[in-house]
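# Structural features, examined
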Amino acid sequence: MKKSELRQIYLDRRKALVTDTLREKSRRISELFFSDFDLSKIRVTHVYISIEKFHEVDTSFVIDEVWSRVPDVTVVAPRIHQQKGEIASVPYGPDTKLIENGWGIREPAGQELADPAKIDLVIVPLLCFDVLGNRVGYGKGYYDRFLARFRRDCLKVGLSLFPPVDPIDDIHEGDVPLDACVTPSEAFRFNRVNQIYRLRS
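Quantities reported herein were computed from a predicted structural model and do not represent experimental measurements.

Looking now at the packing of aromatic side chains. Tallying each qualifying case throughout the model produces 9 aromatic pairs. Both rings, one in Tyr143 and one in Phe146, keep their centres 5.6 Å apart while their planes meet at 85 degrees; by these two values the pair is edge-to-face. Taken together, the residues span about one helical turn, with Tyr143 and Phe146 both in helix α4 (residues 142-147) at a distance of 3 residues. By the burial criterion, Tyr143 is buried, and Phe146 matches it. The rings of Phe33, Phe34 and Phe37 are connected pair by pair, giving a single aromatic cluster. One cation-aromatic arrangement involves Arg145 over Tyr142; the distance from NZ or CZ to the ring centre is 5.4 Å.

A few words on helix α2 (residues 19-36). The end-to-end C-alpha distance of α2 is 26 Å, a good match for the 26 Å that 18 residues give at a rise of 1.5 Å each. Among the residues of α2, Leu22, Ser26, Ile29, Ser30, Leu32, Phe33, Phe34 and Asp36 are the ones counted as buried.

This part is about the pattern of salt bridges. This structure, assessed with the given rule, holds 10 salt bridges. Among the salt bridges present, the one from Glu31 reaches Arg27, with a minimum N-O distance of 2.4 Å. Taken together, the residues span about one helical turn, with Glu31 and Arg27 both in helix α2 at a distance of 4 residues. In this structure, Glu65 and Arg69 form a salt bridge, with 2.8 Å as the shortest nitrogen-oxygen distance. Taken together, the positions of Glu65 and Arg69, both in helix α3 (residues 60-69) and 4 residues apart, correspond to about one turn of that helix. Here the salt bridges do not stand alone but share partners, grouping Glu24, Arg27, Arg28 and Glu31 into one network.

Reading the values: rules and limits
Residues numbered from 1 in each chain as written. Predicted model: local features only at pLDDT ≥ 70, side-chain atom pairs only at ≥ 80, totals over all residues. Heavy atoms only, no water. Phe/Tyr/Trp six-rings, centres within 6.5 Å; stacked < 30°, edge-to-face > 60°. Helix = DSSP H or I, 4+ residues; strand = E, 2+ residues; numbered from the N terminus. Buried < 20%, exposed > 50% of the residue type's maximum accessible area, 1.4 Å probe, protein only. Lys NZ or Arg CZ within 6 Å of the ring centre and 35° of its normal. Expected span 1.5 Å × (residues − 1). Salt bridge = Lys/Arg side-chain N within 4 Å of Asp/Glu carboxyl O.

Next up, the structure:
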């Protein structure tokens, strides 16, 4: 199936989730993330701030846990430059003020930008992902361009409300695959030849 078809299917599936179900799935995703990923060597992690109206995975569970469990890890969050079509990473702490951009997306208010070369882990938003680690986003290409700037060893982890789909038909060279993805019931890693294996279920 093509990305455009999957995008509409999973936008509709997310809209159908009631708030309590979304929060419970998000909580389980956070628990699996922390049980299956060792953050002891992570110094800087980029985490997107979830958009409530889009029914995204609620990343506040992950962010709050990082702040409390591994306070030495610096959390940065995205700021979108709409004219350039680019994402930058801005430090985000418990006391950071959030402001809404022109699309109503909350972003850290600070002016300091993080160096992409220093980011060790990126938590990536998505609508769905396939068994090879490819993802479907909102179709603007922001995160693919963003991820292409990181070190090769930077860990790219998706958070998905749903299990993987069959291989996506129209993947191209500009699409940056995930290294891992966490769902409410399973965590997956994708090795260098794009074969999936389960971490835990």
